[in-house]
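Chain residues, written in single-letter form:
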Amino acid sequence: MSHFSAFEVIGPPMVGPSSSHTAGACRIGWAARTILGEEPAGADVFLHGSFEATGAGHGTREAITAGLLGFSPDDERLKSAPKIAAQNGFEINFSPIDLGPQAHPNSVRIRLRGTQSQSILTASSIGGGAILIEELDGFRVEIPGRFETLLLWHRDTSGFLARVTAVLGCVEINVAGIRTSRRERGEEALTAIEIDDTFPPEVLALLHRMPTIFRLNVLPVLPGY
Amino acid sequence: MSFQFRTATALLPLCEENAVSIAELTIRSEVESGNLPREEVVAKMLTYYQSMKESVFRGLEITERSRSGLSGGDSKRMLEHSRSPTVSVLGPVFERSIAYALAVLETNAAFGRIVATPTAGSAGICPACLLTWQQERGADDARVSEALFTAAGIGKIIGYGACFSGAQGGCQAEIGSACSMAAAAICELDGGTPAQALNAAALALQNTLGLICDPIGGYVEAPCMMRNGLFGIHAFGASAISLSGVKSIVPFDEVVGALREVGHKMPRMYKETSEGGLATTPTGLRFKPKTP
């Protein structure tokens, strides 16, 4: 790990009982909701490995539901999240999945639907409440959510990253990490850019005007970091 | 990059050159590499300490059993015993310390708010040790919460060199880390030098090596809760030994190396899978959930 904060050792403040099965699970739900970018209407949640096997006693389903509702891991409404979701007409279906032997034992895939859009992500809870988003809309990613992350869905074109980083460089935004993955050359691609501070709205407005960008979203630092 | 460290070997000369404690070095390292100014870093840890104390006091009020039936009301019983005429030779202070650690795990099992230190399953040790120390020495929250940076500094070294998760390294990675962190924190609070605090951490950690993660029924309750209670006492012992001038034969970084090695070689059945140890005893199996 390149950067290890004191608050990753002490923290996060969370509702029990398990940092990986509860707090991490909640963070994954929270990230999925934020990436969708609107109020979710329905979700299919696929639990893998230990998330499926021992999740019941650890409130994993409640925690993912709480995250999907936008609750942070220290929100005591976590326990009653399924009831709150049902009251709001937010339908969530849980089912088991086998993501293969390479997948982390605490992994989950979430397919989320809003009124405008939908998204699908696969993430794992890697210990102490830390998570890693590994797949988003079919693209390989590696997003821990410890930094504010800009997500750009765009066409794979030459000079794309140069133009984007030029915009960021103009306002002295320091890039902590950057990764692009694409379906095929010249096809749709996803770029995730982690930065040290926060993206000013005018930068986002400017990037919005780039014709090769279809969609743009910011995943803030996950709650509890 | 003048305050960053990944090992005790790197930390110690930094403390000595700057004439600072492990707590102060960890604060400086956080300010240097993070986004928050010093005042906010210190204030954040203070709120974490206060949340820890709330999780203790809340747990002490719990009387009903948890969802699993494995815990509930035990910290209250222990606290009452610490105040009774039948208190053991351990004395009211350490009996109370056990009660505090149990209380955090009871709050945790009741879906209450705790602070993962370093994990939820080991979250009772640091609060119990620090609160006990605070009550005995009469210090304020600000001073005690600073010691959480000592704990964090030790935890960072373990995190870089090994891991914190029971699923990866067994209970030694959770309880072992927590009591090692608490031992160093208590040691610095009691006036120990950075070298003595590291020595306390080494002493505490080496006596948890091989500890398996075998939660009954898969719940973070038994044996987790009692391990929090008893390893809190262990942390006080390690700090006292270190303050007396007795040195660990094996230095801290090498103990962390041993933790990593034992964790790697530990069979999967002993790493939070509930497929061995206490979890598969005849009694343990009775608590296995019927349906997930």
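Another aspect to go through is the overall build of chain A. Helices and strands together make up the secondary structure of chain A, namely 7 helices and 11 strands. Compactness check: chain A gives a C-alpha radius of gyration of 17 Å against a globular reference of 17 Å for 225 residues, within 12% of the reference. Each principal axis of the C-alpha distribution contributes one length, and for chain A these read about 50 × 40 × 35 Å. Burial analysis of chain A (225 residues in total) assigns 59% to the buried set. Put simply, of all contacts in chain A between residues at least 6 apart along the chain, 70% involve residues at least 24 apart. Distance from the positive charge centre (19 side chains) to the negative charge centre (25 side chains) of chain A: 4 Å.

The helix and strand tally for chain B stands at 13 helices and 1 strand. Its helices and strands taken in sequence order, chain B reads α-α-α-α-α-β-α-α-α-α-α-α-α-α from the N to the C terminus. On C-alpha atoms alone, chain B measures out to a radius of gyration of 18 Å, which is about the 19 Å that the 2.2 N^0.38 rule sets for 292 residues. With the C-alpha coordinates aligned to their principal axes, the bounding extent of chain B is approximately 55 × 45 × 40 Å. Buried residues in chain B amount to 58% of all 292 residues. Put simply, 72% of the contacts in chain B that link residues at least 6 apart link residues at least 24 apart. Within the structure as shown, chain B displays about 11,500 Å² of accessible surface, and the carbon and sulfur contribution to it stands at 57%. Taking the average place of the 25 positive charges on the side chains of chain B and the average place of its 28 negative ones, the gap between the two points comes to 7 Å.

Residues and elements named next belong to chain A. For chain A, the assigned domains read domain 1 (13-137) and domain 2 (148-219). Summarising the inter-unit geometry, the C-alpha centres of domain 1 and domain 2 are found 26 Å apart. Domain 1 puts 9 residues into the contact, and the matching count from domain 2 is 8 residues. It is I35, L136 and D137 in domain 1 that bury the most area against domain 2; as a group they hold 64% of the surface buried on that side.

For the rest of this paragraph, the subject is the environment of A:W30. Residue and element names in this part refer to chain A. Relative to the helices and strands, W30 is located in helix α2 (residues 19-36). Residues W30 and A63 lie 33 residues apart in sequence; the distance between their C-alpha atoms is 9.5 Å. Once you skip the residues sitting within four places of it in the chain, W30 turns out to touch G67, L68, G70, F71, L219, P220, V221, L222 and P223.

With that settled, consider the packing of helix α5 (residues 91-109) of chain B against helix α11 (residues 224-243) of chain B. Residues and elements named next belong to chain B. In the contact formed by α5 and α11, the axes pass within 8 Å of each other and the chain directions differ by 140 degrees. When the axis of α5 is compared with that of α11, the two are oblique. The way α5 lies across α11 gives a crossing that is right-handed. Contacts from F94, S97, I98, A101, L102, L105 and E106 of α5 reach α11 at C224, M225, M226, N228, G229, I233 and F236. Here the contact of α5 with α11 is composed, by residue class, of 10 nonpolar, 3 polar and 1 charged.

Turning to the environment of A:P144, a few remarks are in order. Residues and elements named next belong to chain A. Looking at where P144 falls in the secondary structure, it is placed in the loop between β7 (139-143) and β8 (148-155). In the structure, P144 is positioned 78 residues away from L222 in sequence and 8.7 Å away in space, judged by C-alpha atoms. Here P144 is in contact with I131, L132, E194, L222 and Y225, once residues within four sequence places are set aside.

Now for the packing of aromatic side chains. Counted according to the given criterion, the structure contains 3 aromatic pairs over all chains. When the centroid spacing of 5.5 Å and the interplanar angle of 80 degrees are considered together, the rings of A:F7 and B:Y48 count as edge-to-face. Residue A:F7 is located in helix α1 (residues 6-9), and its partner B:Y48 is located in helix α3 (residues 38-61); the two belong to separate chains. For the pair formed by A:F7 and B:Y48, the shared burial category is buried. Measuring from ring centre to ring centre gives 5.2 Å for B:F94 and B:F236, while their planes differ by 70 degrees; the resulting arrangement is edge-to-face.

Turning our eyes to something else, we now look at the interface of chain B and chain A. Taken residue by residue, the interface counts 43 residues in chain B and 38 residues in chain A. Together chain B and chain A conceal approximately 3,300 Å² of surface at their shared face, both sides included; 58% is due to carbon and sulfur atoms. A salt bridge links B:R67 to A:E62, with the shortest nitrogen-to-oxygen separation between them at 3.3 Å. Our count for the contact surface shared by chain B and chain A stands at 13 residue pairs in polar contact (both at pLDDT 80 or more). Of all the secondary structure elements, the ones that give two or more residues to the side of chain B that touches chain A are α2 (22-33), α3, α5, β1 (113-115) and α7 (141-161) of chain B. Among the elements that make up the side of chain B that touches chain A, the one with the highest residue count is α7(B) (8 residues). Bridging between strand β1 (residues 13-15) of chain A and β1(B) involves 3 bridges; their strand directions are antiparallel. Counted as the bridge partner of A:V15 is B:R113 from β1(B).

In this structure, A:I10, B:M45, B:L130, B:I154 and B:F252 are the most contacted members of the largest nonpolar core, which totals 90 residues. Considering each element in turn, this core owes the most residues, 12 residues, to helix α9 (residues 171-189) of chain B. Sequence-distant contacts of B:M45, defined by excluding residues within four places in its chain, comprise A:A6, A:F7, A:I10, B:S145, B:L148, B:F149 and B:A152. Membership of the second largest hydrophobic core comes to 43 residues, among which are A:A32, A:I35, A:F51 and A:L136.

Residue and element names in this part refer to chain A. Side chains F139, V141 and I143 of β7 all project onto a buried face; the interleaved residues R140 and E142 project onto a face where none is buried. Relative to β7, strand β6 (residues 130-136) runs antiparallel, the two being bridged by 3 bridges. Note that in β7 the partner of L136 across the bridge is F139. Following β6, the chain reverses through 2 residues before pairing antiparallel with β7; D137 in that reversal takes a positive phi of roughly 50 degrees.

Quick notes on the rules
Residues numbered from 1 in each chain as written. Chains lettered and ligands numbered in written order. Predicted model: local features only at pLDDT ≥ 70, side-chain atom pairs only at ≥ 80, totals over all residues. Heavy atoms only, no water. Helix = DSSP H or I, 4+ residues; strand = E, 2+ residues; numbered from the N terminus. Rg over C-alpha atoms; globule rule 2.2 N^0.38 Å. Buried < 20%, exposed > 50% of the residue type's maximum accessible area, 1.4 Å probe, protein only. Contact = heavy atoms within 4.5 Å. Lys, Arg positive; Asp, Glu negative; His and termini not counted. Charge placed at Lys NZ, Arg CZ, Asp CG, Glu CD. Areas by Shrake-Rupley, 256 points an atom, 1.4 Å probe, with all protein chains shown as cover. Domains from an automatic or database assignment. Buried area = accessible area lost by both parts, 1.4 Å probe. Axes fitted to C-alpha atoms, helices over the stretch in contact; angles between N-to-C directions. Parallel < 35°, antiparallel > 145°, perpendicular 65-115°, else oblique. Left-handed = near helix turned anticlockwise from the far one by under 90°. Nonpolar A, V, L, I, M, F, W, Y, C, P; charged D, E, K, R; others polar. Phe/Tyr/Trp six-rings, centres within 6.5 Å; stacked < 30°, edge-to-face > 60°. Salt bridge = Lys/Arg side-chain N within 4 Å of Asp/Glu carboxyl O. Polar contact = N/O pair within 3.5 Å; in protein donor to acceptor, adjacent residues only side chain to side chain. Pairing = 2+ DSSP bridges. Core = buried A, V, L, I, M, F, W, Y, C linked by side-chain atoms within 4.5 Å.

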